[in-house]
Amino acid sequence: MKQSIAAKLSQLSNRLQQLNQILSSENATADLESYRKLSREHAEITPVVELYEAYQSGERDLQAAQEMQSDPKMREFAETEIREGREKLTRIESELEKKLLPQDPNDDRNIFLEIRAGTGGDESALFAKDLFRMYARFAERQRWQVEVISESPSGVGGYKEIIAKIIGQGAYSKLKFESGGHRVQRVPETETQGRIHTSACTVAVLPEVDEISDVVLNSAELRIDTYRASGAGGQHVNKTDSAVRVTHLPTGIVVECQDGRSQHKNKAQALAILAARIKDKQLREQQAKQAATRKLQIGSGDRSERIRTYNFPQGRVTDHRINLTLYKIDQIMDGDLNDLTGALMAEHQTEQLSALAEET
């Protein structure tokens, strides 16, 4: 094991002893906020330290087996123990390295999913609808909840834009690598010559922001406009100014929300999306700085980057970031994204391990 990693693990072991003493003291719960924070740290550190102790135990067993080699009667047994012991240590060391990787604090959060039609006109809008259905079906398979917050339908039954909130444990961790440009190649229903058209959509996955801490919205930096929601008419046509448009003056970010029946609900939803977009902007700026010093490309979330192509005539989906091609387009469009999301998460972890090795 590398000396630097062993040093980190030794520090964690000492810290766990400190936490055990603090949390078992009589006045541990005097400050409940501090108690919750320390308890959370204790829960995070404990499995790492237990694994480190298993590694140390394995080292002692290996040393004992090596000492037995000098006895001719025990040599064969000792060699077996040494081989198995080294394999065990390699396995535990690999697990420890993964546990030492920095955790994304947003991984367990709900998300805002934004899909916008790009180049390709009506076909792009139809593809936006297909992408939304794909993510909604994936969420359904995960037993997550999907709430449509805002939608802008196209004239052919697609979406110019759709924004939804996906509520579920680990939603961001599984979908955070979906941000970017998605391209489709297929023959549109309106194409009479059977020619393959290429169109594109952009997808943004934003972690929901805590109301209290993450982003502070200064009312002096917001312009809030209300207007009458547009619609197809009929008995539910909006006769009041319930639609809300919020502009964040420092960044120029604009959010519109009109699907809710009340102005209050639309304003609350718009502010929640605005906070998520501001936080996302901060995250992408931070990731861009990291990418300048090390290549952590998977999580860059660059909206201009073409990340995936869906080729219907060939029945394939290709993720260009990791050069992964899957010939199961029907299953993927029906929400079977595990092969894609799993491969992206694994590649990101590999990049993190590489960066950790460079640091040590």
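Heads up: the structure comes first, above all this text.
Note that the coordinates shown come from a computational prediction; the quantities given were computed from them, not determined experimentally.

A closer look at the pairing of strand β1 (residues 111-117)
On a regular strand, one side chain projects to one face of the sheet and the next to the other, so that they alternate.
Here's step 1: Most of β1 is tucked away, with 5 of its 7 residues classed as buried.
Here's step 2: With 6 bridges connecting them, β1 and strand β3 (residues 159-167) associate as antiparallel partners. Bridge pairing in β3 places Leu113 opposite Ala164.
Here's step 3: In the sheet, β1 pairs with strand β5 (residues 197-207) via 7 bridges, with the strands oriented antiparallel. Bridging from a neighbouring strand, Ile111 pairs with Pro207 of β5.

Quick word on the sheet that holds strand β7 (residues 243-248)
Here's step 1: Across the sheet, 3 strands lie side by side as β6-β7-β8; this open sheet has antiparallel pairing. Among the strands making up the open sheet, the edge pair consists of β6 (222-227) and β8 (253-257). Geometrically, the sheet is characterised by an average inter-axis angle of 15° between neighbouring strands, direction not taken into account.

Focus on the nonpolar core
Here's step 1: Ranked by size, the top nonpolar core spans 35 residues in total, and within it Ile115, Leu131, Tyr135 and Tyr310 carry the most contacts.
Here's step 2: For this core, the secondary-structure elements that each account for two or more residues are β1, α4 (121-141), β3, α5 (171-175), β5, β11 (324-326), α7 (329-333) and α8 (338-359).
Here's step 3: A per-element tally of this core places α4 first, with 8 residues.
Here's step 4: Ignoring sequence-local partners within four residues, the contact set of Leu131 consists of Ile115, His182, Cys201, Val203 and Tyr310.

A short note on the sheet that holds strand β2 (residues 145-153)
Here's step 1: If you walk across this open sheet you meet the 8 strands as β2-β3-β1-β5-β4-β9-β10-β11, and the pairing is mixed. Lying at the two open borders of the sheet, with one neighbouring strand each, are β2 and β11. The mean inter-strand angle of the sheet, taken between neighbouring strand axes irrespective of direction, is 15°.
Here's step 2: Taken together, the 7 bridges between strand β4 (residues 180-186) and β5 define a ladder with antiparallel strand orientation. Counterpart to His182 in the pairing with β5 is Cys201.
Here's step 3: Along the sheet, α4 contacts β1, β2, β3, β4, β5 and β9 (306-311); its crossing angle with β4, the most-contacted strand, is approximately 110°.

Focus on the side chain of Ser150
Here's step 1: Mapping Ser150 onto the fold places it in strand β2.
Here's step 2: Beyond its immediate chain neighbours, meaning those up to four positions away, Ser150 contacts Glu161, Ile162, Ile163, Glu256 and Asp259.

Things to note about unusual backbone geometry
Here's step 1: The backbone of Arg143 shows a phi angle near 65°, a positive value even though the residue is not glycine.
Here's step 2: Note that Arg143 resides in the loop between α4 and β2.
Here's step 3: A residue is classified by how much of its surface remains accessible, and Arg143, at 78% relative accessible area, is exposed.
Here's step 4: With phi around 50°, Asn323 is a residue other than glycine that occupies positive phi space.
Here's step 5: Along the chain, Asn323 falls in the loop between β10 (316-319) and β11.

Quick notes on the rules
Residues numbered from 1 in each chain as written. Predicted model: local features only at pLDDT ≥ 70, side-chain atom pairs only at ≥ 80, totals over all residues. Heavy atoms only, no water. Buried < 20%, exposed > 50% of the residue type's maximum accessible area, 1.4 Å probe, protein only. Helix = DSSP H or I, 4+ residues; strand = E, 2+ residues; numbered from the N terminus. Pairing = 2+ DSSP bridges. Axes fitted to C-alpha atoms, helices over the stretch in contact; angles between N-to-C directions. Core = buried A, V, L, I, M, F, W, Y, C linked by side-chain atoms within 4.5 Å. Contact = heavy atoms within 4.5 Å.

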